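Listed below, chain by chain, are the residues.
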Amino acid sequence: MLRDITLGQYYQTESKLHELDPRTKLVGTFVYLISLFVFTNAYVYIFAASFLLLCVLISHIPPTYMIKGMKPIIFLLVFTMVLNMLVTPGEVILTLWKLTITKEGVKQALYMGARLTLLVMGSNMMTLTTTPTRLTNGLERLMAPLKLIKVPVHEIAMMMSIALRFIPILMDETDRIMKAQLARGADFESGNLIKKAKSLVPVLVPLFISAFRRANDLAMAMEARCYHGGKGRTQMKPLKYRPRDFVAYLILILYLAGIILIGRYL
Amino acid sequence: MAGDKKKIKLIADHISFEYDKSGANRHKALDDVSFVVNEGEFVGLIGHTGSGKSTLMQQLNALLKPDKGTIYYDGLDIYEKGYDRKELRRRVGLVFQYPEHQLFEDTVFNEVCFGPKNFGMDKKQSELSAYAAIKKVGLPDECFYHSPFDLSGGQKRRVAIASVLAVKPEILIMDEPTAGLDPKGREELMEMILSLKESEGLSIVLVSHSMEDVAKLADRIVVMDKGHIVYDDEPKKVFAHYKELEEMGLAAPEMMYVMQELKAAGFNVRTDVTDIEEAKEEILRIVT
Amino acid sequence: MGIVDINKVTYEYIRRDEEGNVEGITTAVNGVTLSVKAGEFIAILGHNGSGKSTLAKHINALLVPEEGTVFVDGMDTKDDEKTLSIRQTAGMVFQNPDNQIIGQVVEEDVGFGPENMGVPTKEIWERVEESLRTVGMYEYRKKSPNKLSGGQKQRVSIASVIAMHPKCIVLDEPTAMLDPKGRREVIRAARALNDVENITIILITHYMEEAIYADRIFVMEEGSVVMQGSPESIFSQVERLKSYRLDVPEVTELAWELKKAGVPIKFPILTRKELTEELIRLGRR
């Protein structure tokens, strides 16, 4: 059920990828995502997919685990693909009732599917190999220049990290509340959309109340431990680039060069 | 057990269950567990956190489906095609830990009506049943139309218990109903649970960490450890294994230790004593 | 002057209805005066809603008294400039183990306090290691808090406070949500801090067995301190404690029953060891 969502969860194991500086991984993921949008070309996707596969192998994360992470977006994926298949004009290859499928449509759908899959898996790769704390640390550092224009970078990073810490707890809580209401005869499955939405009230109300209570408790716990914003704060794990990060950047540049070459000349 | 003709309500037949079967947190929560609940019986279920007792609890009213084995209720396999599992959830009422965290309605009365309505009782039946349930858990009349959120912790918990009682279950399973309450609150709630047992003829499964409570109330104690049932017997017989219980992170009632120590010091006392009343009698025998 | 000096403190919660009109006032703490000496182990008992948690929050400057004063190590909690030093001097552990762990990994959580205090990186690591060792959680330092048991989580929370090098720790019902094993772990950790590190402990609880090792006990009822004294003097008043919705440890209750039945037993008795020794002395074999 809800536990299956791996999006944004850290997978604990040891690997070269886990050890990288989060900034490297953030920049890397960013570049990777961009690379998926620059060219629409089968070879580019094959190259990008192989690169991702290489990362998966280095990361020591079981490939089945990666695939499971796709579950939550399967609906979106299929929907996008079908839509693309149906609305793209071109050479008709199949007509079903009022719907026509074109050759271009199929191609477009495959491209979209590949792009979305790589997009999600690519960003999963980052969250699976980086603890949320390091991730937010990395973001905070990368966005530091924005402080000059009064963007509350530290606060944003802190909020993100807290949100990530509480996601699994709230997931469990949702599961528990749903079961408690099921035990009282609640029915989340049958009926039309409106009835289904209504049936969620007994879950959402307790969930919100609990989230507020937790937020309140947490705020107090943070205050009690002298939290007073980013000012005068030191870091337990300050970020420092190491030789392996430079190697990673080098590989990233090679990857980018590869994409451009393939995109241009194949 | 042997000899008496209690009617069996529920049988868990060799059930096994694993969490997160393909993921990183895979673990076996139940391993070939079998046990029964008889009509009108009070069963104490003990085991430390993570021993599988919460998982077992959820198996009994089909919130979790066993990987292997099955559950029989009134002689019928609940996983047989066409079995009404929603009706099963009515018959096997489940009160989770901290049940006050499931409250959501605007008044106590509506909260308690939620269950009966879901199980298809009409308005009048629901209200009558809710009224009776609120009375049974000992909540005062004036709080019927209060918001459940304005009540004290102990009262909220009673509302949550009433909301399960209102659907007229035949077995009531409660997970640590006294957790977090103060001493008087704990005592009052245990008294209420005992009165339920006596007045309703309802079977009760009580999951608890308090050996004293379980010893006082249960007809039978089931001890779980690492996904297995280790003991399933009368309280006194189970507590005789106090050394093994300790190895599982559990303990026997305090009074039993006192008697054990007296016995070790050479006094001729019974050691199967679980409450203060019994202990007092035994000790009075040796000091006067 | 003690490490914590509470002088005639009153605190009221104002209840409002949906439109924001005042519905009523609840006096959570009502004219409490109490003083804790450095190195003491104090237990505060009281049923749910007796005001003990509200009082606890005053010691950490999370709440500031409306009337009266609270001094922590000589610092007035009303003085905004002292707030951070007060919170560092008197650390706090709360009831719900899930809602007070901020870090994603055990060691990061323990480092959170020192980070906020501006401790240099190298020293943060030393403090984290030392604190985790003190509570016996060092081997779990790389684990996610979500994978720990309740008792372990609370020990991490204690370590997180120790890392700030406080003189005093307030534990606000740290065991209320734990199983008996977890409760023992937490109480053992708190007692060790008091014995070994000489840190002042203020333990708020409604488990009577946890209070028997305290140097002094305060009992609260409706916002006021109604009893105070040594565990022996408090637990000898069985009926009075029960009238405050509290209880006495099982062995104390047994001794009380025996005494009522005319047995010339020493009273009160707080531990099983004391009880059996006394019975062995009295009994006929």
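Residues numbered from 1 in each chain as written. Chains lettered and ligands numbered in written order. Predicted model: local features only at pLDDT ≥ 70, side-chain atom pairs only at ≥ 80, totals over all residues. Heavy atoms only, no water.

**Here's the deal with the overall build of chain B**
The following threshold applies: Runs of H or I in DSSP of at least four residues are treated as helices and runs of E of at least two as strands, each being numbered from the N terminus. Throughout, radius of gyration means the C-alpha value; the globule benchmark is 2.2 Å times the number of residues raised to the power 0.38. When a residue's accessible area, from a 1.4 Å probe over protein chains only, is under 20% of the maximum for its type it is buried; when over 50% it is exposed; and in between it is partly exposed. What makes two residues a contact is simply this: any of their non-hydrogen atoms within 4.5 Å. Values of accessible area rely on a 1.4 Å probe in the Shrake-Rupley scheme; residue burial ignores everything except the protein chains shown. The positive count covers Lys and Arg only, the negative count covers Asp and Glu only, and His and the chain ends enter neither. Every charge is mapped to an atom, namely NZ of Lys, CZ of Arg, CG of Asp or CD of Glu.
Along the backbone of chain B there are 11 helices and 10 strands. Expected size for 288 residues packed as a compact globule is a radius of gyration near 19 Å; at 20 Å, chain B falls within 12% of this value. Along the longest, intermediate and shortest principal axes, the C-alpha atoms of chain B span 65 × 50 × 45 Å. Within chain B, buried positions represent 56% of all 288 residues. Here the contacts in chain B between residues at least 6 apart in sequence split such that 62% fall between residues at least 24 apart. Summed over all atoms, the accessible surface of chain B reaches about 11900 Å², with 48% contributed by carbon and sulfur. Both charge centroids of chain B, one from 38 positive and one from 50 negative side chains, sit 4 Å from each other.

**Let's talk about the interface of chain C and chain A**
Much of the literature gives interface size as the accessible area that the parts lose upon coming together. The condition is simple: Put simply, buried area is the surface a 1.4 Å probe can reach on two separate parts but cannot reach once they are joined, added for both. Any Lys or Arg side-chain nitrogen found within 4 Å of a carboxyl oxygen on Asp or Glu counts as a salt bridge. N or O atoms closer than or at 3.5 Å make up a polar contact, with two conditions inside protein: a donor-capable atom paired with an acceptor-capable one, and, for residues adjacent in sequence, both atoms drawn from side chains. Three classes are used, and their members are as follows: Ala, Val, Leu, Ile, Met, Phe, Trp, Tyr, Cys and Pro are nonpolar, Asp, Glu, Lys and Arg are charged, and the others, Gly among them, are polar.
Contacts between the two partners involve 39 residues from chain C and, on the opposite side, 31 residues from chain A. Buried area between chain C and chain A, both sides added, is near 3100 Å², and the carbon and sulfur share of it is 54%. When the buried surface of chain C facing chain A is broken down by residue, Asn99(C), Gln104(C) and Asn116(C) rank first, second and third, together holding 22% of it. Where chain C meets chain A, there are five salt bridges. The closest approach of N and O atoms between Asp109(C) and Arg225(A), which form a salt bridge, is 3.4 Å. Taken together, the links from chain C to chain A amount to 19 residue pairs in polar contact (both at pLDDT 80 or more). Among the secondary structure elements, those contributing two or more residues to the side of chain C that touches chain A are α2 (83–89), α3 (106–117) and α4 (121–134) of chain C. Ranked by residues supplied to the side of chain C that touches chain A, first place goes to α3(C) with 11 residues. Considering only residue class, the side of chain C that touches chain A consists of 17 nonpolar, 14 polar and eight charged.

**A look at the sheet that holds strand β5 (residues 75–76) of chain C**
All names here are of chain C. Basically, it comes down to this: By definition, two strands form a pair when at least two bridges between them are found by DSSP. The convention used is that axes are lines fitted to C-alpha atoms, helices contributing only their stretch in contact, and that angles between N-to-C directions extend from 0 to 180 degrees.
The four strands are arranged β2-β1-β4-β5 in an open sheet whose pairing can be described as antiparallel. A strand with exactly one partner marks an edge of an open sheet, and here the two such strands are β2 (22–36) and β5. Examined bridge by bridge, strand β1 (residues 4–16) and β2 share 10 bridges and lie antiparallel to one another. Bridged to Val-9 within β2 is Val-32. On the sheet, helix α1 (residues 52–59) packs against β1, β2 and β4 (67–72) and is oriented at approximately 120° with respect to β1.

**Here's the deal with helix α5 (residues 153–165) of chain B**
Worth spelling out the cut-off: Residue count minus one, scaled by 1.5 Å, sets the expected span of a helix.
If you check α5(B), its first and last C-alpha atoms are 19 Å apart, about what 13 residues at 1.5 Å a residue would give, namely 18 Å. By the burial criterion, the buried members of α5(B) are Arg157(B), Arg158(B), Val159(B), Ala160(B), Ile161(B), Ala162(B), Ser163(B), Val164(B) and Leu165(B).

**Observations regarding the pairing of strand β2 (residues 99–102) of chain A**
The side chains of a regular strand alternate, residue by residue, between the two faces of the sheet. All names here are of chain A. Of the strand pairs in this sheet, strand β1 (residues 92–96) and β2 are connected by four bridges, and their pairing is antiparallel. Across the sheet, the residue bridging to Leu-96 is Leu-99, located in β2. Between the end of β1 and the start of β2, which pair antiparallel, lie two residues, with Trp-97 showing a positive phi angle near 50°.

**Some details on the confidence of the model for chain A**
All names here are of chain A. Inclusion rule: pLDDT measures how confident the predictor is about each residue, on a scale from 0 to 100.
Scored by pLDDT, chain A comes out at a mean of 87, with 97% of its residues at no less than 70. Within chain A, β1 has the poorest average pLDDT of any element, 79, and helix α10 (residues 201–224) the best, 94. The low-confidence segment residues 1–7, where pLDDT is below 50, has 17 contacts with residues more than four positions distant or belonging to other chains.

**A look at the interface of chain B and chain C**
Contacts between the two partners involve 33 residues from chain B and, on the opposite side, 32 residues from chain C. In total, chain B and chain C occlude about 3000 Å² of area from one another, counting both sides; carbon and sulfur atoms represent 61% of this. On the chain B side of the contact with chain C, Asp182(B), Phe267(B) and Ile276(B) bury the most area, a combined 17% of that side's loss. As a salt-bridge pair, Arg245(C) and Asp182(B) come within 3.7 Å of each other at their nearest N and O atoms. Listed by contribution, the elements that provide at least two residues to the side of chain B that touches chain C are α6 (183–200), α10 (254–264) and α11 (276–287) of chain B. The greatest single-element share of the side of chain B that touches chain C, amounting to eight residues, is contributed by α11(B). Across the side of chain B that touches chain C, the residue classes break down as 15 nonpolar, nine polar and nine charged.

**Digging into the pattern of salt bridges**
Side-chain pairing between opposite charges can occur once the charged atoms of the two side chains come close. Counted under the stated rule, the structure contains 52 salt bridges over all chains. Where Arg133(C) meets Glu129(C), a salt bridge forms, and the shortest distance between an N and an O atom there is 2.9 Å. A residue pair is termed a helical-turn pair when its members lie 3 or 4 positions apart in one helix, as Arg133(C) and Glu129(C) do in helix α4 at four residues. Connected via shared salt-bridge partners are Lys7(B), Lys9(B), Asp74(B), Glu87(B), Arg90(B), Arg91(B) and Glu170(B).

**Focus on the packing of helix α3 (residues 108–118) of chain B against α5(B)**
All names here are of chain B. Condition: In a left-handed crossing the near helix is turned counterclockwise from the far helix by less than a right angle, and in a right-handed crossing that turn is clockwise.
Following both chains from N to C, one finds α3 and α5 inclined at 35°, their axes separated by 7 Å at the closest point. Between α3 and α5 lies a crossing of right-handed hand. Contacts from Val-108, Glu-111 and Val-112 of α3 reach α5 at Val-159, Ala-162 and Ser-163.

**A look at the domain arrangement of chain B**
Residue and element names in this part refer to chain B. This is how the line gets drawn: Either an automatic procedure or a domain database provided the assignment from which the domain bounds are taken.
Domain boundaries assigned for chain B yield domain 1 (8–100 + 169–251) and domain 2 (253–288). Summarising the inter-unit geometry, the C-alpha centres of domain 1 and domain 2 are found 30 Å apart. If you look at the interface, domain 1 gives nine residues, while domain 2 gives 10 residues. With both chains or domains summed, domain 1 and domain 2 bury close to 840 Å², and 60% of this area falls on carbon and sulfur atoms. Run the count over domain 1 and domain 2 and you get one salt bridge. A salt bridge links Lys-236 to Glu-278, with the shortest nitrogen-to-oxygen separation between them at 2.9 Å. For the side of domain 1 that touches domain 2, the leading source of residues is helix α7 (residues 211–217), giving three residues. The residue inventory of the side of domain 1 that touches domain 2, partitioned by class, reads six nonpolar, no polar and three charged.

**Here we look at the environment of Pro264(C)**
All names here are of chain C. Note on placement: Pro-264 falls in the loop between α9 (250–260) and α10 (272–282). Relative accessible area serves as the criterion here: at 63%, Pro-264 is assigned to the exposed category. Once residues lying within four places of it in the same chain are set aside, the contact partners of Pro-264 are Glu-278, Arg-281 and Leu-282.

**Considering the packing of aromatic side chains**
All names here are of chain C. Quick reminder of the rule: What counts as a ring pair is set by centres within 6.5 Å for rings of Phe, Tyr and Trp (its six-membered ring), and what kind of pair is set by the plane angle: stacked under 30 degrees, edge-to-face over 60, tilted for all other angles. Two limits define a charge over a ring: the Lys NZ or Arg CZ must be within 6 Å of the ring centre, and within 35 degrees of the ring normal.
Per the counting criterion, the structure on display carries 18 aromatic pairs over all chains. Here Tyr-11 and Tyr-13 contribute two aromatic rings whose centre-to-centre distance is 5.3 Å and whose plane-to-plane angle is 80°, an arrangement assigned as edge-to-face. Overall, Tyr-11 belongs to the buried group, its relative accessible area being 13%. Residue class for Tyr-13 comes out partly exposed when judged on its relative accessible area of 35%. Its end group placed over the ring of Tyr-138, Arg-141 keeps NZ or CZ at 4.2 Å from the ring centre. For the cation-ring pair, Arg-183 lies above Tyr-207, with the distance from its terminal atom to the ring centre recorded as 3.9 Å.

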